[in-house]
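Chain residues, written in single-letter form:
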Amino acid sequence: MVERHEIEVFLALADELHFRRTSERLGLAQGRVSQTIRKLERRLGTPLFVRTSRRVALTDVGKQLRDDLAPAYRKVEEAVARAIASGRGVTGMLRVGYSSPWVGDLVIQAADRFRSRYPDCAVHIQEVQLSDPHGPLRTGALNVQISEFPVREPDLVTGPVIFSEPRALIVPARHPLARRKSVSVEDLADAALVSMSGDIPPYWLDHHYPRTTPAGRPVEHSATATYWQEVPALVASGKGVSPASLRASEYHDRPGIAFVPFHDAPPVEYGLLWPVAGETARVRAFVEVVREVAGT
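What counts and what doesn't
The numbering scheme is per chain: residues are counted from 1 as the chain's sequence reads. Note on the predicted model: pLDDT of at least 70 is required for a residue's local features to be given, and 80 or more for side-chain atom pairs to be given and counted; whole-chain, interface and lining totals, by contrast, use all residues. As a rule here, side-chain values come from all non-hydrogen atoms in the structure, and water together with hydrogens is ignored. Strands are runs of DSSP state E lasting at least 2 residues, helices are runs of H or I lasting at least 4, and numbering of each runs from the N terminus. Between buried and exposed lies partly exposed: a residue is buried under 20% and exposed over 50% of the maximum accessible area for its type, with that area taken using a 1.4 Å probe on protein chains only. Two residues form a contact once any of their heavy atoms are found within 4.5 Å. Interaxial angles span 0 to 180 degrees and are taken between N-to-C directions of axes, which are lines fitted to C-alpha atoms, for helices over the stretch in contact. Oblique is the label for every angle not falling under 35 degrees (roughly parallel), over 145 degrees (roughly antiparallel), or within 65 to 115 degrees (roughly perpendicular). Working rule for handedness: look at the near helix, and if it is turned counterclockwise from the far one by less than a right angle, call the crossing left-handed; if clockwise, right-handed. Polar here means any residue other than Ala, Val, Leu, Ile, Met, Phe, Trp, Tyr, Cys and Pro, which are nonpolar, and Asp, Glu, Lys and Arg, which are charged; Gly is therefore polar. Only buried Ala, Val, Leu, Ile, Met, Phe, Trp, Tyr and Cys residues count toward a nonpolar core, and they belong to the same one when joined by side-chain atoms within 4.5 Å. Pairing between two strands requires that DSSP report at least two bridges joining them. Each patch is assembled from residues with relative accessible area greater than 30% and no salt bridge, linking like charges that lie within 9 Å and nonpolar side chains (Val, Leu, Ile, Met, Phe, Trp, Tyr) that lie within 5 Å. Shrake-Rupley sampling with a 1.4 Å probe provides the accessible areas, and residues are treated as covered by the protein chains on show and by no other component. Salt bridges are defined by distance alone: a side-chain nitrogen of Lys or Arg within 4 Å of a carboxyl oxygen of Asp or Glu. Asp and Glu are treated as the negative residues and Lys and Arg as the positive ones, with His and the ends of the chain left uncounted. Where a charge lies is defined by one atom per residue type: Lys uses NZ, Arg uses CZ, Asp uses CG and Glu uses CD.

*Asks:* Can you lay out unusual backbone geometry for me, pointing to particular residues and giving the numbers?
*Replies:* Peptide bonds are mostly trans, and most non-glycine residues show a negative phi. Between F149 and the following residue, P150, the backbone shows a cis peptide bond with an omega angle of 10 degrees. Within the secondary structure layout, P150 lies in the loop between β5 (144–148) and β6 (156–165).

Okay, structure coming up:
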């Protein structure tokens, strides 16, 4: 009788054709992988792989076994995943929000892996506007989201920081700061600031759009935007400057503006959050998948 772990090791090696990569993929010692394959070959009475110092290749019998086993094994894995998901309550619909395009890229990757792992749970993804960063969670329109920290709300759970991005200052292309290689937070005292408006916690605004510099110099606030997409246009028209993630330059660059990195500002941190009363099996499972994708 061939055991399940032997099939798993065989199919992984048949896919990778490399013992080290197979051991890393399965989280097993390389010697354990070799031992399992040798044991399987003795049991079947025939070699499944040709091994040389330079390569690993399937024998004809190995190719036939791979082709016969792989579809059946996938069906078994899918059936087990569905049973586990049903037992844990990972079914139904999960609504996930994100606050910026680069966060959206991560959410889409995580959603694809989540759907593969929990096929009985659908995922709906939507953007969350910074002008109402927590409204969709509170109304139940979303179950979980990834947004810019800090978040200090008693009715919301904050999960781990998933990733962080260097901070930059968006300035008009003809502004003196546009010629700099980098800027300081103290430079905010010498330019009017374009910020956000809406149902936004004051502590969040103070963190991202400060009223004073670290040295205590006042920072003038000029125009405000309801949607962040308005910010580059306001800056280009000379209404002021605005802090942002440096990564925004990859998605929102346009004529008339420049993104200048800060050399002394803290990074923008992005993390998970969900309602205190909404910590379900679906949410916990999605948080786990996001952390896997992000490598945290």
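*Asks:* Which residues make up the environment of E16, and what values go with them?
*Replies:* Here E16 lies in helix α1 (residues 4–16). A residue is classified by how much of its surface remains accessible, and E16, at 22% relative accessible area, is partly exposed. Spatially, the C-alpha atom of E16 lies 9.8 Å from that of A57, the residues being 41 residues apart in sequence. What E16 contacts, discounting residues up to four positions off in sequence, is R21, T22 and R25.

*Asks:* So what's going on with the packing of α1 against helix α2 (residues 19–26)? Residues and values would help.
*Replies:* Put simply, α1 and α2 touch, their axes get as near as 9 Å, and they point 130 degrees apart. Taken as axis vectors, α1 and α2 run oblique relative to one another. Between α1 and α2 the crossing geometry is right-handed. Along the contact surface, α1 presents E8, V9, A12, L13, D15 and E16, while α2 presents F19, R21, T22, R25 and L26. Split by residue class, the contact of α1 with α2 holds five nonpolar, one polar and five charged.

*Asks:* Hey, could you go over the nonpolar core for me, with residue numbers and the actual values?
*Replies:* In terms of nonpolar packing, the biggest core is built from 67 residues, with F114, W228 and F286 touching the most fellow members. Not counting residues within four places of it along the chain, the set of residues in contact with W228 comprises L130, I170, M196, Y209, A244, A248 and H252. In this structure, L11, I37, L40 and F49 belong to the second largest nonpolar core, which totals 16 residues.

*Asks:* Could you give me a rundown of the pairing of strand β9 (residues 221–225), with the residues and numbers involved?
*Replies:* The pairing of strand β8 (residues 193–196) with β9 spans three bridges and is classified as parallel. Among the inter-strand pairings, S195 is bridged to a residue of β9, identified as T224.

*Asks:* Describe a positive patch on the surface, with residues and values.
*Replies:* Together, R32, R38, K39 and R42 line one region of the surface with positive charge. Examined against the element boundaries, R42 turns out to sit in helix α3 (residues 30–44). Note on R42: relative accessible area 61%, which makes it exposed.

*Asks:* How would you summarise the packing of α2 against α3 if you had to cite specific residues and measurements?
*Replies:* The N-to-C vectors of α2 and α3 enclose an angle of 105 degrees; their axes lie 8 Å apart at closest approach. One element, α2, and the other, α3, form an angle in the roughly perpendicular class. The residues of α3 that touch α2, namely those facing F19, R20, T22 and S23, are Q30, V33 and S34. Its residues assigned to classes, the contact of α2 with α3 comprises two nonpolar, four polar and one charged.

*Asks:* Could you give me a rundown of the sheet that holds strand β4 (residues 121–127), with the residues and numbers involved?
*Replies:* Read across the open sheet, the five strands follow the order β4-β3-β5-β12-β6; overall the sheet is mixed. Unpaired on one side and paired on the other, β4 and β6 mark the two borders of the sheet. On average, each strand axis in the sheet is inclined to that of its neighbour by 20 degrees, with strand direction left out of account. As defined by bridge partners, strand β3 (residues 92–98) adjoins β5 across three bridges and the pair is classed as parallel. Bridge pairing in β5 places G97 opposite Q145.

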